[in-house]
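Here are the chains, one letter per residue:
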Protein chains: 2
Amino acid sequence: MSKKEGLQLEKIRHSLSHLMSMAIIKIYPDAGLGVGPAIENGFYQDYGLPESISSELLPKLEKEIKKMILKNIKFEQHDMSFDKALKLYKKDPYKSEMIKDLKKAGEKKLSFYRSDWFENLCKGPHVASTKEIDPDAFKLTKVAGAYWKGDEKNKMLQRVYGVAFETKKELYQYLKQQAEAEKRDHRKIGKELDLFVFSDLIGKGLPLLTPKGSIIRQELEKFITEEETKRGYLRVYTPDLARLELYKKSGHWQHYKESMYPLINVDGEDYVLRPMACPHHFMLYNSRPRSYRELPLRYAEIARQYRKEQSGELSGLIRLMAFSLVDAHLVCRPDQIEKEFKDVLELIQYNMKILGIKDYWYRFSKWDPKNKKKYTNNPKAWQKTEKLMKEILDKLKLKYVEAEDEAAFYGPKTDVQVKNVNGKEDTLFTVQIDFDMPGKFDMSYIDEKGKKQTPMVIHRASIGCIERTMAFLIEQYAGAMPVWLSPVQAQIIPISEKFIKYGEKIKEMLLKEDVRVELNNDNETLGKKIREGEMQKIPYLLIVGEKEQKAGSVAVRDREKGDLGPMKTNKFIEKIKEEIEKKI
Amino acid sequence: MSKKEGLQLEKIRHSLSHLMSMAIIKIYPDAGLGVGPAIENGFYQDYGLPESISSELLPKLEKEIKKMILKNIKFEQHDMSFDKALKLYKKDPYKSEMIKDLKKAGEKKLSFYRSDWFENLCKGPHVASTKEIDPDAFKLTKVAGAYWKGDEKNKMLQRVYGVAFETKKELYQYLKQQAEAEKRDHRKIGKELDLFVFSDLIGKGLPLLTPKGSIIRQELEKFITEEETKRGYLRVYTPDLARLELYKKSGHWQHYKESMYPLINVDGEDYVLRPMACPHHFMLYNSRPRSYRELPLRYAEIARQYRKEQSGELSGLIRLMAFSLVDAHLVCRPDQIEKEFKDVLELIQYNMKILGIKDYWYRFSKWDPKNKKKYTNNPKAWQKTEKLMKEILDKLKLKYVEAEDEAAFYGPKTDVQVKNVNGKEDTLFTVQIDFDMPGKFDMSYIDEKGKKQTPMVIHRASIGCIERTMAFLIEQYAGAMPVWLSPVQAQIIPISEKFIKYGEKIKEMLLKEDVRVELNNDNETLGKKIREGEMQKIPYLLIVGEKEQKAGSVAVRDREKGDLGPMKTNKFIEKIKEEIEKKI
């Protein structure tokens with residue numbers, strides 16, 4: 001459970017867990033009690049039961065808990081010695097083991113809470129009495145199996161989850177947001193709109209973009225490539241694997257090993273799929289001597305990168321085995337760093353506007369001197385670089401939060417943070433100043449005076465990891481992507497077979513103007529076709545019949561505004577082309 | 001040496017190798033003789049010598065050989081028993097070992113050639129007398145180290161190479177072509193024009209495209225993506241690695257294992273970098289049921305693929321550890337296969353025209369029933385599919401050569417063959433019919449009658465492997481890429497500092513029209529700038545001075561035609577834009 005949610009909520013959630021156990025014991029007097037913590041938005045409790053239970057039991061438990069709440073049951077805390085507790089609970093295998101574990105862990109005493117006839121091992125805190133709990137502000141949400149101590153060799157317990165807030169209104173808001181999040185879940189929408197699929201034979205965390213999903217990605221790539229080129233970025237192509245030596249020199253192997261793939265040995269040489277593209281771009285920089293006049297050099301690549309994740313953590317387009325970062329590395333002179341940093345932030349702000357992302361904030365992500373393993377050990381450089389970044393941020397008058405232990409191993413970051421549909425914070429884009437690798441790779445340029453100097457490097461992801469950004473946008477728009485990103489931008493629906501030919505003519509006209517258009521001549525009713533088109537979130541349905549044919553028009557149905565009435569075909573083409581060009 | 005070159009040439013080359021040994025022995029009486037075969041265009045011979053020799057020795061050897069040729073030395077063959085030969089050559093460690101090896105290999109007797117005072121172990125054939133050798137039709141070309149028996153644990157011998165033909169004219173032509181090939185070598189041009197680089201830290205066979213080289217690739221990708229989209233291809237993105245299971249099911253593991261990378265085990269699951277993209281596209285096809293009305297489905301992807309090569313065979317952009325295939329898989333009904341095949345060939349012909357490739361021919365690549373390991377074992381399907389492909393090719397009235405043992409493991413191919421600058425045959429593009437994988441993957445569609453059917457698949461590469469195609473084009477154009485593919489399309493050269501401002505104005509005008517333009521305001525003479533621009537193969541140099549500024553014009557220097565004289569700036573923009581758009 002997050003610190004922000006406050007003490008009172010924690011008390012309520014612990015207490016509800018306690019009451020739930022009482023309700024369970026009324027049904028299963030011999031129920032064993034596993035762990036039962038308060039968590040974000042609620043609580044859970046594990047039970048060793050003689051049988052599996054289903055979610056059908058939950059309303060019954062809820063009713064029982066509500067009854068107890070109304071009885072104003074008091075919770076009283078008392079401590080107990082280990083010996084006494086072990087004797088008292090010797091028949092309860094879970095509790096006995098927990099008590100032993102707590103002793104091993106060096107706890108001095110045990111805390112119990114008692115209410116009415118039930119006593120439970122719990123550190124708390126609890127409310128003083130159920131008076132403090134709103135009986136309409138909690139809900140039991142699901143039952144799931146959970147191994148005792150999380151070990152699959154152990155017995156499977158029954159875990160019951162609940163959500164709980166201080167007020168009924170908060171619960172209602174939470175449930176509403178949850179329902180909305182579920183509706184917007186990009187994994188669900190991805191299936192409904194046929195945007196991406198997974199294959200068991202290919203593997204977890206390795207999505208395949210369908211032709212429709214690929215259009216979204218292609219449009220994003222085209223947009224950012226053109227925009228970056230306009231802003232003086234140079235596109236490059238670098239290999240997505242390299243000799244291990246490269247990452248030993250860069251420091252990835254020392255600081256980032258756990259996220260890297262196993263080595264691939266070819267003819268006695270160790271290769272590895274690249275965790276990041278930075279050292280590759282540095283090899284391009286180092287391929288010939290550089291003059292101060294050439295800088296800044298802005299190498300950009302939509303770079304395939306590989307990150308080993310726990311297979312249980314792989315999810316949709318967000319946690320992947322391999323992804324494509326809209327990456328760039330700006331090699332610049334110290335006197336250029338401020339302007340380049342500012343320009344990157346401007347580009348990101350522009351992208352955000354184009355992508356319709358309004359709710360975001362900046363996070364200044366710093367190192368943690370205590371975390372020796374994660375960061376390059378150079379305290380002076382850390383202090384200097386963080387000071388530099390802070391000065392730039394302050395000069396730009398950006399509002400930002402500071403976060404410790406969130407830096408890259410080679411330098412501090414400015415992250416662009418968003419809330420996802422689940423209300424959770426996520427990093428979408430990032431800008432970093434690297435004080436570390438230019439020296440490691442002996443990167444240099446010759447300055448005005450003919451002296452060799454070490455450049456500075458900015459690492460940045462302008463629209464982030466393209467798969468994650470797609471997921472974020474799908475959720476933000478609930479699948480109804482802006483016209484320029486829509487796989488199908490318009491669908492023509494003839495009201496009967498007679499008008500298929502006219503429909504085809506309209507289709508040709510639109511295709512000529514590079515509008516992505518379909519003609520729906522399925523053997524279905526008009527109503528069904530319209531519903532289907534709306535389900536598919538197609539921005540415009542163009543219904544054509546006799547009237548439209550005579551007038552050279554289409555009857556336009558807007559995804560959001562509904563029926564717009566008839567429109568001359570040329571007029572409609574103008575309208576949709578403008579929306580595509582302006583990305584609105 | 002190739003069979004086509006004929007017996008007489010083989011005799012000449014063996015004989016020259018023999019004469020060269022005589023010339024060497026005159027200098028090093030104790031020279032040991034290693035192998036000395038006739039090879040394509042010439043011959044070589046390995047020598048165990050008391051010292052390393054340099055190419056400075058070659059003219060001296062040539063002179064000696066010529067003298068011998070003019071003496072009309074006779075070559076006489078005779079056989080010898082192993083025992084006698086071993087006794088005779090017991091002091092020569094190389095010859096002794098070769099004799100023993102030949103015995104082990106089951107040879108019945110040994111063949112020697114004698115001429116004058118020298119006898120050599122050689123199967124021949126040789127010319128009867130040096131009268132048959134034109135003393136001006138051979139040349140010794142280089143000296144290189146070579147391990148005895150190719151094993152680096154053995155002693156290093158000195159290998160002397162020569163080229164030899166029947167006539168002086170042929171030698172001259174060959175040397176001329178070699179010089180031209182060297183001049184056009186994409187590895188050399190790649191360096192001169194800064195198109196791609198290699199890095200020891202990244203590894204062999206893993207090129208990095210510089211910003212300039214990346215422009216060529218980007219333009220090729222843009223061209224083919226747009227062209228394919230116009231022709232009804234659907235773009236997809238699929239992962240570049242997958243579970244080993246996938247390739248076991250496809251048959252790659254059984255038939256193609258030696259070219260695949262070592263396995264990558266993540267959390268107990270074996271993954272492998274993909275050798276080909278076909279099974280990935282089939283997983284997309286299989287992600288939902290298909291109706292006959294959906295076919296043909298043409299999945300296209302510029303697909304990164306990995307092929308393990310011997311590190312000694314890696315070369316430039318041609319033999320790589322990983323490459324990007326302009327790939328597609330057309331899933332179609334049997335009644336669609338002919339049209340789809342024809343359309344693919346038409347697309348390829350169109351691409352060839354755009355890329356300026358004029359000298360190509362078709363190869364109908366068939367299986368070899370004897371090569372059990374390489375091909376799917378289904379003789380009936382092979383016969384049927386090869387018959388089908390032959391019928392289509394004949395119907396299209398295409399001229400083609402037939403080649404055995406050149407098919408894919410899953411079906412026959414029609415390859416587009418070209419000659420590279422070295423005069424060697426290469427496959428640039430390919431179209432294949434697959435009778436094998438649709439069944440293995442249980443791919444299906446529902447036909448008009450509601451019955452489940454198995455589709456057919458065409459695999460094709462429309463502009464081949466993009467890196468190789470780049471290499472081929474760089475060599476074809478000797479670096480002077482057509483305007484649309486040129487990294488820098490025009491360079492503005494002000495004749496003095498005074499006209500930099502005017503140059504900048506011209507630059508802005510060109511940039512606005514998306515022309516890739518540079519302004520050269522280096523502190524150099526005009527002559528040097530022009531020479532440098534021509535060396536860089538920039539299509540147009542725009543020289544601007546007082547006259548041009550006054551007239552609102554540029555003095556155009558064409559890469560091929562030289563000075564075109566002054567041209568109104570707008571006129572030049574029109575001209576270059578037309579060339580870019582029409583890809584001429």
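This structure is a prediction, so every number in the text was calculated from the model and none was measured.

Colleague: I'd like a description of the relation of the copies chain A and chain B, backed by residues and values.
Modeller: Of the transformation placing chain A onto chain B, the axial shift is 0.3 Å and the rotation is 180°, giving an RMSD of 0.3 Å. Interpreted geometrically, this transformation is the action of a two-fold axis. When C-alpha distances to the rotation axis are compared across chain A, the minimum falls at I264 of chain A, with a value of 3.5 Å. Interface overlap between copies is the fraction of interface residues in one copy that are interface residues in the other; for chain A against chain B it reaches 100%, indicating a shared surface.

Colleague: An account of helix α12 (residues 379-395) of chain B is needed here, citing residue identities and associated values.
Modeller: Residues and elements named next belong to chain B. With 17 residues, α12 should cover 24 Å at 1.5 Å per step; its first-to-last C-alpha distance of 24 Å lies within 8% of that length. For α12, every residue scored as buried is listed here: A381, W382, T385, E386, M389, I392 and L393. For α12, the buried positions fall inside an angular range of 125° around the axis, keeping them on one side. Residues of α12 that are exposed and point more than 90 degrees away from the buried face comprise K380, Q383, K384, K387 and K395. Buried residues along α12 sit against α11 (337-355), β17 (360-365), β18 (400-403), β19 (413-419) and β20 (425-434). Positive backbone phi, at 55°, marks K397, one or two positions downstream of α12.

Colleague: Explain helix α5 (residues 168-184) of chain A residue by residue, including any values.
Modeller: Residues and elements named next belong to chain A. Here α5 spans 24 Å end to end across 17 residues, near enough to the 24 Å set by a 1.5 Å rise per residue. For α5, the set of buried residues is L171, Y174 and A181. Looking straight down α5, one finds that the buried residues subtend no more than 90° of arc, so they occupy a single side. Exposed and oriented more than 90 degrees from the buried face of α5 are K168, K169, Y172, K176 and K183. Lining the buried residues of α5 we find β7 (138-147) and β8 (156-164).

Colleague: A description of the pattern of salt bridges should follow, citing residues and the corresponding values.
Modeller: Enumeration over the complete set of coordinates arrives at 102 salt bridges over all chains. Ionic pairing is found between E258 of chain A and K373 of chain A, a salt bridge with its closest N-O pair at 3.8 Å. Note that E258 of chain A is positioned in the loop between α9 (252-256) and β13 (264-266) and K373 of chain A in the loop between β17 (360-365) and α12 (379-395), a separation of 115 residues in sequence. In this structure, a network of salt bridges that share partners links the residues R217, E221, R304 and E467 of chain A together with D240 of chain B.

Definitions and limits used
Residues numbered from 1 in each chain as written. Chains lettered and ligands numbered in written order. Predicted model: local features only at pLDDT ≥ 70, side-chain atom pairs only at ≥ 80, totals over all residues. Heavy atoms only, no water. Least-squares fit on C-alpha atoms with pLDDT ≥ 70 in both. Contact = heavy atoms within 4.5 Å. Helix = DSSP H or I, 4+ residues; strand = E, 2+ residues; numbered from the N terminus. Expected span 1.5 Å × (residues − 1). Buried < 20%, exposed > 50% of the residue type's maximum accessible area, 1.4 Å probe, protein only. Arc of directions from axis to C-beta. Salt bridge = Lys/Arg side-chain N within 4 Å of Asp/Glu carboxyl O.

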